[in-house]
Amino acid sequence: ADVYVCILKNKQFNLRYIQGVLNSKLMNYLVQRNSKAVDGAAKTSTGETKRRYSYSVKNISNLPIKKISRNGQQEIVKLVLKLESLINKLTLVTDTLAGDRIRDEISMVDSKIDKLVYQIYESTESDIKKLMWDSVWLTWK
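Read on for an overview of the structure. The shown structure was predicted, so the numbers you read here are calculated from the model rather than taken from an experiment. (Residues numbered from 1 in each chain as written. Predicted model: local features only at pLDDT ≥ 70, side-chain atom pairs only at ≥ 80, totals over all residues. Heavy atoms only, no water.)

### So, the packing of helix 4 (residues 70-92) against helix 5 (residues 96-120)
The angle between the axes and the distance between the axes are what describe a pair of packed helices. For clarity, the threshold we go by: Here an axis means a line fitted to C-alpha atoms, over the contact stretch when the element is a helix, while the angle between two N-to-C directions is reported on a 0 to 180 degree scale. Only DSSP runs of H or I with at least four residues qualify as helices, and only runs of E with at least two residues qualify as strands; both kinds are numbered from the N terminus onward. An angle counts as roughly parallel when it lies under 35 degrees, as roughly antiparallel when it exceeds 145, as roughly perpendicular when it falls between 65 and 115, and as oblique in every other case. If you view the pair so one helix is near and one far, a crossing is left-handed when the near helix is turned anticlockwise from the far one by less than a right angle, and right-handed when it is turned clockwise. By the convention used here, residues are in contact when the closest approach between their heavy atoms is within 4.5 Å. Residues are grouped as follows: Ala, Val, Leu, Ile, Met, Phe, Trp, Tyr, Cys and Pro are nonpolar; Asp, Glu, Lys and Arg are charged; every other residue, Gly included, is polar.
Two elements in contact, helix 4 and helix 5, have axes whose closest approach is 10 Å; the angle formed by their N-to-C orientations is 160°. Here helix 5 runs roughly antiparallel to helix 4, going by the angle between their axes. Handedness of the helix 4/helix 5 crossing: left-handed. Contacts between helix 4 and helix 5 involve Glu75, Ile76, Leu79, Val80, Lys82, Leu83, Leu86, Ile87, Lys89 and Leu90 on the former and, on the latter, Gly99, Ile102, Arg103, Glu105, Ile106, Val109, Asp110, Lys112, Ile113, Leu116, Val117 and Ile120. A class-by-class count of the residues in the contact of helix 4 with helix 5 yields 14 nonpolar, one polar and seven charged.

### With respect to the environment of leucine 79
Stated precisely, the cut-off is as follows: Residue burial is assigned from relative accessible area. The probe radius is 1.4 Å, only protein chains are included, and a residue is buried under 20% of its type maximum, exposed over 50%, and partly exposed in between.
Along the polypeptide, leucine 79 turns up in helix 4. Overall, the relative accessible area of 13% leaves leucine 79 in the buried class. With residues near it in sequence (within four places) discarded, leucine 79 still touches Val109, Lys112, Ile113 and Leu116.

### Considerations on the layout of surface pockets
Basically, it comes down to this: Here a cavity is any set of points on a 1 Å grid over the protein atoms alone where a 1.4 Å probe fits but cannot get out, and a pocket is any open set with protein on both sides within 12 Å along at least 5 of 7 lines; a residue lines the site when it has an atom within 4 Å of a point. Grid points are joined across faces, edges and corners, and a volume is the space filled by probe spheres set on the points.
The volume enclosed by the second largest pocket comes to roughly 670 Å³. Lining of the second largest pocket is provided by 22 residues; of these, Cys6, Ile18, Leu22, Ile60 and Ile65 occupy positions nearest its centre. When residues of the lining of the second largest pocket are traced back to their parent elements, those giving at least two are helix 1 (15-22), helix 2 (25-34) and helix 3 (57-60). Tallying contributions element by element places helix 1 first for the lining of the second largest pocket, with four residues. Residues belonging to the lining of the second largest pocket are distributed by class as follows: 16 nonpolar, five polar and one charged.

### Regarding the nonpolar core
Keep this limit in mind: Only buried Ala, Val, Leu, Ile, Met, Phe, Trp, Tyr and Cys residues count toward a nonpolar core, and they belong to the same one when joined by side-chain atoms within 4.5 Å.
With 25 residues, the main nonpolar core has Tyr17, Val21, Leu26, Ile76, Ile113, Val117 and Tyr121 as its most contacted residues. Mapped onto this core, the elements with two or more residues apiece are helix 1, helix 2, helix 4 and helix 5. In terms of residue count, the dominant contributor to this core is helix 5 (eight residues). Among all residues touching isoleucine 113, those that are not within four sequence positions of it are Gly20, Leu79, Val80 and Leu83.

Here's what the structure looks like:
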């Protein structure tokens, strides 16, 4: 497997802020829109089979990471840390019901990060859905 490393050259960014932005729906949409699909499909955490996309350096190095104050980054940083904690908890849980509760909480935290990223980029989820619909429409024309 390929391994990529992110080195911060600009001390204005918190690494967890970058992590939250890069893992958001908005950035995933941009990667999928600007990269080729990889051969084959993969199962998602919900069991769906979907196309895979390349998250190579070439495809993520030009993603627009918006500069905001270090104070402004803290909300996303806290949520990313919470997400990491929940994921660690999930790996230790053997009870199905407890695992489901943790997955629900992970989903809620993930949604909060997405909403913050949409605000930072002055966009909405419906804007993204419209863009996705437009790109699907263009492929079928």
